[in-house]
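Structural overview
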Amino acid sequence: MQEILEVLQDTAIDTIKLLPFLFITYLIMEYIEHKTSNKVKDVIKKSGKFGPLLGAIVGIFPQCGFSVSATNLYAGRVITLGTLISVYLATSDEMLPILLTEAVPAGTIFTILGIKLVLGIVAGFIIDFVIRMFRKEKVEEQEEKIEEICENEHCHCEEGIVTSAIKHTLNITIFIFFITLVLNGIIAYIGEDTIAHFISKNVILGPIVAGLIGLIPNCASSVILTELFISNVISMPVLISGVAVNAGVGLLVLFKTNKNVKENIKIVGILYLIGVLAGIILELFL
């Protein structure tokens, strides 16, 4: 009974932390859709050329809320795919607070954050460049995306952007709570020690295994990977593979708000591939 209460408590705390990010993001999306002119929308889309740089810088802060915000903005086609991936790769979730708490040398911390930052920027710009070169999306399809989200969530936008943003926020918060509750329960049942033992016994396949753990849309995965690194069970490249792939609950929100399941699977695949390749390459040079 005590374990069940702890899982409920952890889930509630994790979900509540996301509320400000969700509300602000939906408020921005509603404003863009209903209050700005087409000229302003065009400026926002064009600024996406620098999105990967800004996305990686914002994502480096230790909050999975930024990945959730970026996911919603991508679902509304306010930001590019490259910007979304840059946020995912750079976001630190629980890694940075743990490294600071455990008094890890500043040089090590800055190296990890620097690698994640550069990885997010480079990968984001490359992805956007490739998309512009080989896949020209229809403008009219992008223009309708924010409105589609509004209609799918039945938010009654005519009641005002604030009311609509609140309804969006409550809708996605309930979804996140129940999914996170299930994930927390599974992790509590399996045990973090079991997960740690599994990855420590797969040294050669470290980046691959760490990437799979990083895909778990929960802060527990970043905690496990960081603690393993601090305990010298895994190397820095293996850690980076896992935490680069880990985007907190951002991936959950992606499958909730972006209705193109095939596209979502491709995004997860791209994220995983970049994280694993980065870890393998770093293993060769570090």
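As a starting point, this report considers the structure included with it. (Residues numbered from 1 in each chain as written. Predicted model: local features only at pLDDT ≥ 70, side-chain atom pairs only at ≥ 80, totals over all residues. Heavy atoms only, no water.)

Here the focus is the overall build of the chain. When you go through the chain residue by residue, the secondary structure sums to 16 helices and 0 strands. Taking all 286 residues of the chain together, 50% fall into the buried category. As presented, the chain carries roughly 14200 Å² of accessible surface, and 70% of it is formed by carbon and sulfur atoms. (Helix = DSSP H or I, 4+ residues; strand = E, 2+ residues; numbered from the N terminus. Buried < 20%, exposed > 50% of the residue type's maximum accessible area, 1.4 Å probe, protein only. Areas by Shrake-Rupley, 256 points an atom, 1.4 Å probe, with all protein chains shown as cover.)

Of all 10 residues in helix H14 (residues 236-245), 10 are buried, a share of seventy percent or more. Every buried residue of H14 is accounted for by Met236, Pro237, Val238, Leu239, Ile240, Ser241, Gly242, Val243, Ala244 and Val245.

Take a nonpolar patch on the surface next. A surface patch of nonpolar side chains, amounting to about 710 Å² of accessible area, comprises Val118, Val122, Ile126, Phe129, Val130, Met133 and Phe134. Along the chain, the position of valine 130 falls in helix H7 (residues 106-134). Valine 130 sits in the partly exposed class, given a relative accessible area of 37%. (Patch = residues over 30% accessible without salt bridge, like charges linked within 9 Å, V, L, I, M, F, W, Y side chains within 5 Å. Salt bridge = Lys/Arg side-chain N within 4 Å of Asp/Glu carboxyl O.)

All right, on to the packing of helix H3 (residues 51-59) against helix H5 (residues 81-90) then. Two elements in contact, H3 and H5, have axes separated by 7 Å at closest approach and are oriented at 25°. Here H5 runs roughly parallel to H3, going by the angle between their axes. Considering only the axes of H3 and H5, their crossing is right-handed. Residues Gly51, Pro52, Gly55, Ala56 and Gly59 of H3 lie in contact with H5, whose contacting residues are Gly82, Thr83, Ser86, Val87 and Ala90. Taken together, the residues of the contact of H3 with H5 break down into 4 nonpolar, 6 polar and no charged. (Axes fitted to C-alpha atoms, helices over the stretch in contact; angles between N-to-C directions. Parallel < 35°, antiparallel > 145°, perpendicular 65-115°, else oblique. Left-handed = near helix turned anticlockwise from the far one by under 90°. Contact = heavy atoms within 4.5 Å. Nonpolar A, V, L, I, M, F, W, Y, C, P; charged D, E, K, R; others polar.)

What follows covers the nonpolar core. If you look at the biggest cluster of nonpolar residues, it comprises 27 residues, and the most contacted ones within it are Leu81, Ile85, Tyr88, Leu89 and Ile267. Those elements giving two or more residues to this core turn out to be helix H4 (65-75), H5, H7, H14, helix H15 (250-257) and helix H16 (261-285). Looking at which element gives the most residues to this core, the answer is H16, with 7 residues. Ignoring anything within four residues of it in the chain, the contact list for leucine 81 reads Tyr74, Ile127, Asp128, Ile131 and Ile267. Formed by 26 residues, the second largest nonpolar core is a distinct cluster that contains Val209, Ile234, Val238 and Ile240. (Core = buried A, V, L, I, M, F, W, Y, C linked by side-chain atoms within 4.5 Å.)

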